[in-house]
Amino acid sequence: MASTLHSFASPADLAGSLADKVADRLSAAISARGTASIAVSGGSTPKAFFQALSTRDIAWDKVTITLVDERFVPADNPRSNHMLVDANLLQNKAKSARFVPLYQPAATVEEAARLATEKSAEIGIPFDVVILGMGGDGHTASFFPGGSNLATSLDASTPRGIITMEAEGAGEPRLTFTFSSLQDAALLVLHIEGEGKKDVLAKAEGSGEEADMPIRAILRRATSPVEIYWAP
Ligand SMILES: O=C1O[C@H](COP(=O)(O)O)[C@@H](O)[C@H](O)[C@H]1O
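Definitions and cut-offs
- Residues numbered from 1 in each chain as written.
- Predicted model: local features only at pLDDT ≥ 70, side-chain atom pairs only at ≥ 80, totals over all residues.
- Heavy atoms only, no water.
- Salt bridge = Lys/Arg side-chain N within 4 Å of Asp/Glu carboxyl O.
- Helix = DSSP H or I, 4+ residues; strand = E, 2+ residues; numbered from the N terminus.
- Buried < 20%, exposed > 50% of the residue type's maximum accessible area, 1.4 Å probe, protein only.
- Near = heavy atom within 4 Å.
- Polar contact = N/O pair within 3.5 Å; in protein donor to acceptor, adjacent residues only side chain to side chain.
- Areas by Shrake-Rupley, 256 points an atom, 1.4 Å probe, with all protein chains shown as cover.
- Nonpolar A, V, L, I, M, F, W, Y, C, P; charged D, E, K, R; others polar.

S.K.: Which parts of the structure should I look at to understand the pattern of salt bridges?
M.R.: Working definition: two side chains of opposite charge can pair if their charged atoms are close together. Within this structure, the stated rule accounts for 12 salt bridges. Notably, a salt bridge pairs Glu-172 with Arg-71, separated by 3.2 Å at the nearest N-O pair. You can see Glu-172 sitting in the loop between β7 (162-165) and β8 (174-177) and its partner Arg-71 sitting in strand β4 (residues 69-71), a full 101 residues away along the chain. The pair Glu-172 / Arg-71 is uniform in exposure class, with both members buried. One salt bridge connects Arg-114 with Glu-118, and the closest N-O pair in it is separated by 2.9 Å. Here Arg-114 pairs with Glu-118, and both are found in helix α4 (residues 109-120), just four residues apart, close to one helical turn. Beyond isolated ion pairs, a larger network of salt bridges with shared partners links Arg-71, Arg-79 and Glu-172.

So, in structure tokens, the structure goes:
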């Protein structure tokens, strides 16, 4: 499916514009079905966008928020994506949204993935909005080059749900929604910032193996158009 690049003069401009776009989509879903869903990324990039989105006028009590991926660490760990979302998105008007975490206090990451899959199955499919990020190594969600479950996670026939991932560049073991869960969102966004990430994107758009730069799976095979939001 095609992708469209939306470039902004600054990260603040991008955050405001993306927040408006996402708010419109969530509100449209609420008008149509009574509920809306969004899966967001962690990392350093989405903070300003989260803060802007949290101020938008939406019937937040009808919105379910989850993460596209998470480290296998509890919510009070500063490295958790949950803590980032708590501090920046589940604030202001968005305080009344429902949050479905991926981390589960289980003995193993595999058991946590099974429990998270069970809990996230209550969220309607497909997601109304998915916001992906991208690492300098071309990973997105926790689809890491060399990842333990990379092939399975990217296989379009792997069922929707959460799968585990361990990889050299990943730090802790990870929990990640599968490609099949994310690729058909009504609004599928890739949010990246900086010249370095633009170069990584250009490389990913060239030829090469998906396994080397897993973001290629989204750029090449997502059934929804990919809206790329970039600022320097
Ligand atoms: O590990 C992760 O990194 C990516 C990108 O993070 P950034 O700090 O370069 O913005 C992120 O999209 C993903 O959710 C996160 O778990």
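S.K.: I tried to follow the site of the ligand on my own but got confused; where do I start?
M.R.: In the vicinity of the ligand, the residues found are Ser-41, Gly-42, Gly-43, Ser-44, Thr-45, Asp-69, Asn-81, Gly-133, Met-134, His-139, Arg-174 and Lys-197. Asp-69 places a polar side-chain atom, nitrogen or oxygen, 2.6 Å from an oxygen atom of the ligand. Note that an oxygen atom of the ligand is positioned 3.1 Å from one of the side-chain N or O atoms of His-139. Taking 400 Å² as the accessible area of the ligand by itself, protein coverage stands at 88%. Among the residues forming the shell around the ligand, the class breakdown is one nonpolar, eight polar and three charged.

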